[in-house]
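# Structural features, examined
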Amino acid sequence: MLGPLDYALVVFGLVAETYVVVCLCLSKSSLRYLSLSVYMLAVIGLTIAQDVALLRFGVSSQVYGYVYYYTDALLTISLFFVIMSFYHQVFQQMGVGKYVRWASVFLLSATALFSYLVVRRMPSHHLTNRFVVEMSQNLYFVGVVLTYLLWGAVVKLRETRTRLIQLVLALGIFFSADAAGYALRNLFPALEPSFLKWVPPMAGLFLPLAWAYTFTKISEDARLETARVALPRMAAHQHS
Amino acid sequence: MIAALICVISVVLFLQFFISYSRSIIAAYRMSELSEQVREVVGIEGQEVNSDQFGRLVQLVRLCPQKGDDRTDLKVVGVYYWMMGILRSAARQLAPRVTSWAERERAGCAYFVAVALDRRIAYSRDLLAQQMSDR
């Protein structure tokens, strides 16, 4: 049974996601963040689809389970395109756009293969709780690794665009919170009803809120030294 | 085993991303200089703010009318200040360098709140001047 907090998180999330899309549509840089807008629209659409399934079939039904976890996996994979667009922006000046496109194709193929291997390894192909938790944990972890590599590139290449820096860091927080949450659910299933079930909706609310904040408060021209932001060890690598 | 590894790496990277995110918010305020008035009100000498003044500064900020654009920043920085307090206490015996780094970060948080207070005082003053001119 869902409580008022669950519904509040969904509503706040939808408002923040819509706000980000409207902000981007009205701004001059809408084309630069096209993949982000498309992702946000997909989140809005699939959240509504999840809610329809929830109202029609109930929270404990298998149909809702399928809709929830598979749309979540689809959204995670579509978020990889957003990461790739950030990679493209970071490496744009180096003229390596062609390699980034190839890397995206490779990444998608690798993710598909990885997911297939995970599904094949399961004794039963039915949607089991353990399977979806493991699958989500792995997908989010791929996201964490990709975002961390991107952040490393941002620091190393001394990227100064404040917007891009904050967008990447918010993405990192989202992916790592979700990956840690799912991994903990895998390790300690008993913690799920009391605490861990709140991690995905909280992280899901944080991302559009953080992006909304960035697009509202940080102008496209704002600049920031990454040495001021990165941890001392990373900043030291930047200067070496 | 894999889940445990993913969990540990994700938690470490989460902390790293969160620290950098908080620092990106603080860095924007670091560029502003404190006005003479705020330094007098709070009792600050020079441009450095003591980390222990954080709580008092937050209380003063709450007394000022809101401009409405710094509430989220204050919440994020508040969490960061709290985290750095835990790190400072935990590392005191084991790693003095980490302790001094955490202390500098806490001082950065306090400076951030002082700048927010400065902006709110300026906003209140403008508001008052506007009301006076309307009369």
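For the structure, see preceding data.
Let me sum up the structure you'll find in this document. (Residues numbered from 1 in each chain as written. Chains lettered and ligands numbered in written order. Predicted model: local features only at pLDDT ≥ 70, side-chain atom pairs only at ≥ 80, totals over all residues.)

## Comments concerning the overall build of chain A
A count of helical and extended segments in chain A gives nine helices and zero strands. Across chain A, helices and strands are ordered from the amino to the carboxyl terminus as α-α-α-α-α-α-α-α-α. Within chain A, the proportion of its 240 residues that are buried is 35%. The long-range share in chain A, meaning contacts at least 24 apart out of those at least 6 apart in sequence, stands at 72%. (Helix = DSSP H or I, 4+ residues; strand = E, 2+ residues; numbered from the N terminus. Buried ≥ 20, exposed ≤ 12 C-beta atoms within 10 Å, placed from the backbone. Contact = placed C-beta atoms within 7 Å.)

## Let's talk about helix α3 (residues 62–91) of chain A
Here α3(A) contains 30 residues, and its C-alpha end-to-end distance of 44 Å stays within 8% of the 44 Å for a straight helix at 1.5 Å per residue. Buried within α3(A) we find V67(A), D72(A), L79(A), F80(A), V82(A), I83(A), M84(A), S85(A), F86(A), Y87(A), Q89(A) and V90(A). (Expected span 1.5 Å × (residues − 1).)

## So, unusual backbone geometry
Residue and element names in this part refer to chain A. The backbone of R158 shows a phi angle near 55°, a positive value even though the residue is not glycine. By the element assignment, R158 lies in the loop between α5 (129–156) and α6 (162–187). We classify R158 as exposed; it has 11 C-beta atoms within 10 Å.

## Comments concerning the packing of helix α1 (residues 2–30) of chain B against helix α4 (residues 71–91) of chain B
Residue and element names in this part refer to chain B. Where α1 contacts α4, the axes come no closer than 10 Å and their chain directions differ by 125°. As far as their axial angle goes, α4 and α1 are oblique. Here the hand of the crossing between α1 and α4 comes out left-handed. Residues S22, I25 and I26 of α1 touch α4, and the partners they reach there are D73, V76, V77 and Y80. (Axes fitted to C-alpha atoms, helices over the stretch in contact; angles between N-to-C directions. Parallel < 35°, antiparallel > 145°, perpendicular 65-115°, else oblique. Left-handed = near helix turned anticlockwise from the far one by under 90°.)

## Regarding the nonpolar core
In globular proteins that are soluble, nonpolar side chains generally tend to be buried together. If you look at the biggest cluster of nonpolar residues, it comprises 85 residues, and the most contacted ones within it are I83(A), V168(A), A170(A) and V113(B). Element by element, the count of residues in this core is highest for α6(A), at 16 residues. The residues touching I83(A), leaving out its near neighbours within four places in the chain, are L146(A), T147(A), L150(A) and L171(A). (Core = buried A, V, L, I, M, F, W, Y, C linked by C-beta atoms within 7 Å.)

## Notes on the environment of S100(B)
All names here are of chain B. For S100, the position within the fold is in helix α5 (residues 96–134). For S100, a count of 12 C-beta atoms within 10 Å corresponds to the exposed category. Considered as a pair, S100 and Q131 are 31 residues apart in the sequence and their alpha carbons are 47 Å apart.

## Describing the interface of chain A and chain B
Opposite the 27 residues of chain A that make contact, chain B presents 20 residues. Breaking the side of chain A that touches chain B down by element, the ones donating at least two residues are α5, α6, α7 (199–217) and α8 (226–229) of chain A. With 15 residues, the top contributor of residues to the side of chain A that touches chain B is α6(A). Taken together, the residues that form the side of chain A that touches chain B break down as 19 nonpolar, six polar and two charged. (Nonpolar A, V, L, I, M, F, W, Y, C, P; charged D, E, K, R; others polar.)

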